[in-house]
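Given next are the chains, with one letter for each unit.
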Amino acid sequence: MPRRARTLATGEYYHLYNRGNNRQAIFFERENYLYFLRQFRYFVAAETADVVAYCLMPNHYHLLVYSVRRRAIEGDAAIYDVRTPMR
């Protein structure tokens, strides 16, 4: 079941993360990591958030972002999981 678009509150930090099904790998070679970062920058980081830190591992990733503009996150909800703002 697809998730609804989420709206990020401006001026808040968010921890975005996801993991492969059954902890399977989601990145198989160097180009997979680079592709993910390019897509993330294009769809989210360009207008929505500043990336504070990130960690990409073979079967999951973590991104710490600071929301700079109020905008719904669009696209495939399977790319990330957004929790409440970090305080």
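Asker: Can you help me understand the pairing of strand S3 (residues 60–67) in this one?
Answerer: On any regular strand, side chains alternate: one points to one face of the sheet, the next to the other face. Here strand S1 (residues 13–19) runs beside S3; their pairing, made up of 7 bridges, is antiparallel. The partner of Asn18 across the bridge, within S3, is Tyr61. Sheet analysis places strand S2 (residues 49–57) next to S3, joined by 8 bridges and oriented antiparallel. Bridge pairing links Leu56 to Tyr61 in S3.

Asker: Explanation requested: the nonpolar core in the structure shown.
Answerer: A general feature of soluble globular proteins is that nonpolar side chains tend to end up buried together. Leu16, Phe36, Phe40, Tyr61, Leu63 and Val65 are the most contacted members of the largest nonpolar core, which totals 13 residues. Among the secondary structure elements, those contributing two or more residues to this core are S1, helix H1 (30–45), S2 and S3. When residues in this core are grouped by element, the largest group, 4 residues, is from H1. When sequence neighbours within four positions are dropped, the list of residues in contact with Val65 reads Glu12, Tyr13, Tyr14, Leu16, Phe40, Ala49, Asp50, Val51 and Val52.

About the criteria used
- Residues numbered from 1 in each chain as written.
- Predicted model: local features only at pLDDT ≥ 70, side-chain atom pairs only at ≥ 80, totals over all residues.
- Heavy atoms only, no water.
- Pairing = 2+ DSSP bridges.
- Helix = DSSP H or I, 4+ residues; strand = E, 2+ residues; numbered from the N terminus.
- Core = buried A, V, L, I, M, F, W, Y, C linked by side-chain atoms within 4.5 Å.
- Buried < 20%, exposed > 50% of the residue type's maximum accessible area, 1.4 Å probe, protein only.
- Contact = heavy atoms within 4.5 Å.

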